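As a plain string of letters, each chain reads:
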Amino acid sequence: MISYAFFQGRFVPLSEAKIGVMTHAFNYGTACFEGIRGNWSSEEEVFYLFRPRDHFERLLKSCRVLNIELPYTIDEMCNLTVQLVEMNSYREDIYIRPLAYKSSERLGVRLHDLEADFLLFVTPFGPYLDIEKGIKCCVSSWRRIDDNMIPPRAKICGLYVNSALAKTEAWENGFEEAILLTHDGHVSEGSGENIFLVMNGKLVTPPTTDNILMGITRDTVMKLAKNEMGIETVERQIDRSELYIADECFLTGTAAHVTPVIEIDHRKVGSGGVGKVTHELQRLYFDVIRGKNRKYIDWCIPARPKLVKA
Ligand SMILES: Cc1ncc(COP(=O)(O)O)c(C=O)c1O
């Protein structure tokens, strides 16, 4: 089975989508990306791509930060994504990676006077963290990068070294995920997820100014909590010690979905199991991303893979 990518303006076999070693983005991290889930429905034989328009809108914002001008509109990028998913013959949950990068093969640290390219590839992708049992987290010794260093509201490739340092430190110390604090010690986010606490019947999550990525899953969960459960979200600074006294905690992200956090820094969160609010939000969320809740069907774009002969 050949996999395809969109690379340098056309669809090519994935094995031919290669960049040179002198590529600016490879040397200096001058690229930005997105991750979009394609959720496979075996009953309907269709992928539901979840909120691709919002992902491409965010990609274009990241491009503005990096001085990258793409020759595609949001609609065009959505259409290219649907075409690519339909060309590939996966029949399971997938992850679509759009990436905009400084493609010039030239040395010199800068953002100006460089060409850019846009690519897409697709890969099968199941659960990223344990969404059933929940996970154990630690507060990282690495701090979240500040807006005045590399803006975390943009999903910039080079920024992910910060996440990788925190994730591996957590993993080597026996935790599944790291929670990063801002430079002044407030809770920011996970290495690849936004964070929510449940406190006194409300959701509490860090504000955009605490160096978070403005997550699309974060937004989805806030809307579902309000519309379907009548639960408000308070966006405010969170102290580290609030992590230890919250009733529930969960992480959100395209890869992580809604992942319950059952322990932080060796302290049980609530009773140490998956909390009621988290559980109900997970149920609502999975129906929505799998196209089963018609009320939110506008968030999903269908893609039907072509039938391939065995
Ligand atoms: C650092 C970081 N924060 C938060 C998120 C969650 O964002 P989203 O829900 O849009 O995937 C991600 C994942 O993309 C991320 O990498």
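Fair warning: this is a prediction, and the values are worked out from it, not measured in the lab.

About the criteria used
- Residues numbered from 1 in each chain as written.
- Predicted model: local features only at pLDDT ≥ 70, side-chain atom pairs only at ≥ 80, totals over all residues.
- Heavy atoms only, no water.
- Buried < 20%, exposed > 50% of the residue type's maximum accessible area, 1.4 Å probe, protein only.
- Helix = DSSP H or I, 4+ residues; strand = E, 2+ residues; numbered from the N terminus.
- Pairing = 2+ DSSP bridges.
- 1 Å grid on protein atoms, 1.4 Å probe; cavity = no way out; pocket = protein on both sides within 12 Å on 5 of 7 lines; lining within 4 Å.
- Points joined across faces, edges and corners; volume = space filled by probe spheres on them.
- Disulfide = S-S within 2.5 Å.
- Core = buried A, V, L, I, M, F, W, Y, C linked by side-chain atoms within 4.5 Å.
- Contact = heavy atoms within 4.5 Å.
- Near = heavy atom within 4 Å.
- Polar contact = N/O pair within 3.5 Å; in protein donor to acceptor, adjacent residues only side chain to side chain.
- Areas by Shrake-Rupley, 256 points an atom, 1.4 Å probe, with all protein chains shown as cover.
- Sits in = over half its atoms within 2 Å of the grid points.
- Expected span 1.5 Å × (residues − 1).

Let's shift gears to the pairing of strand E14 (residues 248-253). Looking along a regular strand, one sees the side chains alternate between the two faces of the sheet. With six of six residues buried, E14 lies mostly within the body of the structure. On E14, burial covers both faces: Glu248, Phe250 and Thr252 on one face and Cys249, Leu251 and Gly253 on the other are all buried. Pairing between strand E11 (residues 194-199) and E14: five bridges, direction antiparallel. When the sheet's bridge partners are listed, Ile195 is paired in E14 with Leu251. With four bridges connecting them, E14 and strand E15 (residues 257-264) associate as antiparallel partners. Bridge pairing in E15 places Leu251 opposite Thr259.

Further remarks concern the layout of surface pockets. Here the largest pocket defines a volume of roughly 460 Å³. Lining the largest pocket we find 29 residues, and of these Lys155, Tyr160, Ser191, Gly192 and Glu193 sit closest to its centre. Of all the elements in the fold, those that place two or more residues in the lining of the largest pocket are helix H2 (52-65), strand E6 (94-102), helix H4 (160-172), strand E10 (187-190), helix H5 (216-229) and E14. It is H4 that provides the largest number of residues to the lining of the largest pocket, a total of four residues.

Okay, the state of the cysteines next. Enumeration over the complete set of coordinates arrives at zero disulfides. The thiol of Cys78 is not disulfide-bonded; the next cysteine sulfur, from Cys300, is found 12 Å away. Of the cysteine sulfurs around Cys137, a residue in no disulfide, the closest is that of Cys249, at 6.5 Å. With a relative accessible area of 0%, Cys137 lands in the buried category.

Nonpolar side chains in soluble globular proteins tend to end up buried together. Membership of the largest hydrophobic core comes to 31 residues, with the highest contact counts inside it found for Phe56 and Phe118. Listing elements by their share of this core, those giving two or more residues are strand E4 (36-41), strand E5 (46-50), H2, helix H3 (74-87), E6 and strand E7 (116-124). No other element matches the seven residues that H3 contributes to this core.

Another point: the environment of Ile179. Structurally, the position occupied by Ile179 is in strand E9 (residues 177-181). Here Ile179 falls in the buried class, since its relative accessible area comes to 0%. When the C-alpha positions of Ile179 and Gly192 are compared, they lie 9.6 Å apart, and in sequence the two are 13 residues distant. Contact partners of Ile179, with chain neighbours within four places excluded, come to Cys137, Cys138, Val139, Ser140, Val187, Glu189, Gly190, Ile195, Leu243 and Ile264.

To continue, consider the site of the ligand. In the vicinity of the ligand lie 16 residues, with Tyr160, Glu189, Ile216, Thr217 and Thr254 positioned nearest. Here an oxygen atom of the ligand sits 2.7 Å away from a polar atom, N or O, in the main chain of Ile216. A distance of 2.6 Å separates an oxygen atom of the ligand from a polar side-chain atom of Thr217. When the free accessible area of the ligand is taken as 390 Å², the share hidden by the protein chains comes to 96%. Among the detected pockets, the ligand sits in the largest pocket. Of all elements in the fold, only H5 and E14 reach the threshold of two or more residues within the shell around the ligand.

Here strand E8 (residues 135-143) pairs with E15 via three bridges, running parallel. For Ile135, the partnering residue across the bridge sits in E15 and is Val261. Bridge analysis of E8 against E9 gives four bridges, and the strand direction is parallel. Pairing of Cys137 across the sheet is with Glu177, part of E9.

Glancing now at helix H7 (residues 276-289). For H7, built from 14 residues, the straight-helix expectation of 20 Å at 1.5 Å per residue is met to within 8% by its first-to-last C-alpha distance of 20 Å. Taken together, the buried positions of H7 are occupied by Val277, Thr278, Leu281, Gln282, Leu284, Tyr285, Val288 and Ile289. Backbone geometry just downstream of H7 places Gly291 in the positive-phi region, at approximately 70°.

Now for the environment of Ser15. Counting through the fold element by element, Ser15 comes out in the loop between strand E2 (10-13) and helix H1 (24-28). Residues Ser15 and Ile2 lie 13 residues apart in sequence; the distance between their C-alpha atoms is 8.8 Å.

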